[in-house]
Amino acid sequence: MPIVLKKLLAWGLVAFLIYFVAFRPNGAAQLVSTIGTGLMAIAQGIGDFLTTLMT
């Protein structure tokens, strides 16, 4: 993928995120909360796996 296209897509994503946060702050907060909950579940699963592996 050309570098110009990557930069264009990256800036488009940043612009979309700013728009999303500015005009739908509740939706943006819920999205971040959902992502955080998912990451915590993944981390907990990895921790449980490693604990079981070590015992």
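Keep in mind that what you see is a predicted model, and the values were worked out from it rather than measured.

Criteria and thresholds
Residues numbered from 1 in each chain as written. Predicted model: local features only at pLDDT ≥ 70, side-chain atom pairs only at ≥ 80, totals over all residues. Heavy atoms only, no water. Helix = DSSP H or I, 4+ residues; strand = E, 2+ residues; numbered from the N terminus. Rg over C-alpha atoms; globule rule 2.2 N^0.38 Å. Buried < 20%, exposed > 50% of the residue type's maximum accessible area, 1.4 Å probe, protein only. Areas by Shrake-Rupley, 256 points an atom, 1.4 Å probe, with all protein chains shown as cover. Phe/Tyr/Trp six-rings, centres within 6.5 Å; stacked < 30°, edge-to-face > 60°. Axes fitted to C-alpha atoms, helices over the stretch in contact; angles between N-to-C directions. Contact = heavy atoms within 4.5 Å. Nonpolar A, V, L, I, M, F, W, Y, C, P; charged D, E, K, R; others polar.

Caption draft 1: Fine view of the overall build of the protein. Summing up its helical and strand segments, the protein has 2 helices and 0 strands in all. In terms of C-alpha radius of gyration, the protein reaches 18 Å, well past the compact-globule figure of 10 Å for 55 residues. With the C-alpha coordinates of the protein rotated into their principal frame, the extents come out at 50 × 35 × 10 Å. The buried share among the 55 residues of the protein stands at 5%. Accessible area of the protein: about 5,000 Å², with a carbon and sulfur share of 77%.

Caption draft 2: The arrangement of the packing of aromatic side chains in detail. Under the criterion given, the structure shown has 2 aromatic pairs. An angle of 10° between the planes, with centres 5.9 Å apart, marks the rings of Phe16 and Phe20 as stacked. In this pair, Phe16 and Phe20 both sit in helix α1 (residues 3–23), 4 residues apart, roughly one turn of the helix. In this structure Phe16 comes out as partly exposed when scored by relative accessible area, which is 47%. Taking relative accessible area as the criterion, Phe20 reaches 19% and is therefore assigned buried. On the numbers, 4.8 Å between centres and 40° between planes, the contact of Tyr19 with Phe23 is tilted. Of this pair, Tyr19 and Phe23 both sit in helix α1, 4 residues apart, which is roughly one turn of that helix. Residues Tyr19 and Phe23 agree in their burial class; the two are exposed.

Caption draft 3: Spatial organisation of the packing of α1 against helix α2 (residues 25–54). In the contact formed by α1 and α2, the axes pass within 5 Å of each other and the chain directions differ by 115°. Here α1 contributes Phe20, Val21, Ala22 and Phe23 to the contact with α2, which in turn contributes Pro25, Gly27, Ala28 and Leu31. Each residue belonging to the contact of α1 with α2 can be placed in one class, and the counts come to 7 nonpolar, 1 polar and no charged.

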